[in-house]
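# Per-entry structural report
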Amino acid sequence: MKTLLLKNTEEDIKTAAELLKNGGVVGIPTETVYGLAADALNPEAVKKIFKAKGRPGDNPLIVHICDFSDIERLNLVTKIPDTAKKLADAFWPGPLTMIMKKSDVIPNEVSAGLDTVAIRFPSHKTAQAIIRESGTVLAAPSANISGSPSPTTAQHVAEDLTGRVDMIVDGGAVEIGVESTILDMTVEPPMILRPGAITADMMEPVV
C-alpha cells in the first residue's frame, strides 16, 4: 500500500475525507495524539485499523464526532445521560472521552462486542474539518503500532505506519501529547477509566 503524506490544506482535507468515505484509513492530528481514523459506521473500514496497528480485536475504539448533535443525529447511543450533557457543555470540544450505552448503529468491530461506545469531540480544527467533510463519524485510536509510544507528530506516524495506511495528514505537533481522559458514564457516579488532561478535580464542580 502506498501511503500519501499531505498537509492540512483545504484540498488535502477533502482528499482525506474522500478516502474515509470510501473505506480508507487515514492518520489525522488531534489535540491529544495523532489518530488512525476510519469510518466508524463501516465495519470493513474499522477492521483495517486493527490490521494496520496489529491491535487486538477485543480492544474497543473511540468514536470521534465534530458536533454534540452528531450523537443524536446518527443515533449513536440509546440515551445521553444528563451528566454527559453537563460535561460536554464544560469540556467539549476537548480531551474527554465519555462511554455510553451504544445503539445498534455502532458496529461490534468498534465496541469490541460490548454494549457501550466511547465518544469524543476533539478540539483540533483539522480533525473537526476532516470529520465534517467526511459526513460520518470516525473511529480513531492512536496512530501507531500497538505497544509503541503514542505519536505526537506526523513523522512519528509515518515511521510506524507507512505502507499500512492510505494517507497521513500532517497537522504539526500536537498540543497535549497524552491520550484523552476516559469517563464511564454508565455507572453512578461516573468512573475515570483512563486519566488524561481533564482531571477529576476539573470535573467535580460540574458533576
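For clarity, every value in this text was computed on a predicted model and none was experimentally measured.

The rules behind these values
Residues numbered from 1 in each chain as written. Predicted model: local features only at pLDDT ≥ 70, side-chain atom pairs only at ≥ 80, totals over all residues. Heavy atoms only, no water. Helix = DSSP H or I, 4+ residues; strand = E, 2+ residues; numbered from the N terminus. Buried < 20%, exposed > 50% of the residue type's maximum accessible area, 1.4 Å probe, protein only. Contact = heavy atoms within 4.5 Å. Salt bridge = Lys/Arg side-chain N within 4 Å of Asp/Glu carboxyl O. Phe/Tyr/Trp six-rings, centres within 6.5 Å; stacked < 30°, edge-to-face > 60°.

With respect to the helices and strands, Val25 occurs in the loop between α1 (10-21) and β2 (26-28). Residue Val25 is classed as buried on the basis of its relative accessible area, which comes to 1%. The spacing of Val25 and Gly113 is 88 residues in sequence and 21 Å in space, taken between C-alpha atoms. Apart from residues no more than four positions distant in its own chain, Val25 is found in contact with Leu36, Ala37, Ala38, Ala45, Lys48, Ile49, Arg164, Val165, Asp166 and Met167.

Here the idea is simple: oppositely charged side chains can pair when their charged atoms come close. Under the criterion given, the structure shown has seven salt bridges. Note that Lys7 and Asp170 form a salt bridge whose closest N and O atoms lie 3.5 Å from each other. Residue Lys7 is found in strand β1 (residues 4-7), and its partner Asp170 is found in strand β8 (residues 167-170); the two are separated by 163 residues along the sequence. One salt bridge connects Glu31 with Arg120, and the closest N-O pair in it is separated by 2.6 Å. One end of the pair, Glu31, is in the loop between β2 and β3 (35-39); the other, Arg120, is in strand β6 (residues 116-120), and 89 residues separate them in sequence. Classification of Glu31 by relative accessible area gives buried; the value is 2%. Take Arg120: its relative accessible area is 2%, and that puts it in the buried class.

Remark: the centre distance and the inter-plane angle together describe each pair of aromatic rings, the angle taken between the planes. Applying the stated criterion to the full structure yields two aromatic pairs. Both rings, one in Phe68 and one in Trp92, keep their centres 6.0 Å apart while their planes meet at 55 degrees; by these two values the pair is tilted. Of the two residues, Phe68 is situated in the loop between β4 (62-64) and α3 (69-73) and Trp92 in the loop between α4 (82-91) and β5 (96-101); the sequence distance between them amounts to 24 residues. Classification of Phe68 as partly exposed rests on a relative accessible area of 24%.

As for its placement among the helices and strands, Pro189 is situated in the loop between β9 (181-184) and β10 (191-194). A relative accessible area of 59% places Pro189 in the exposed class.

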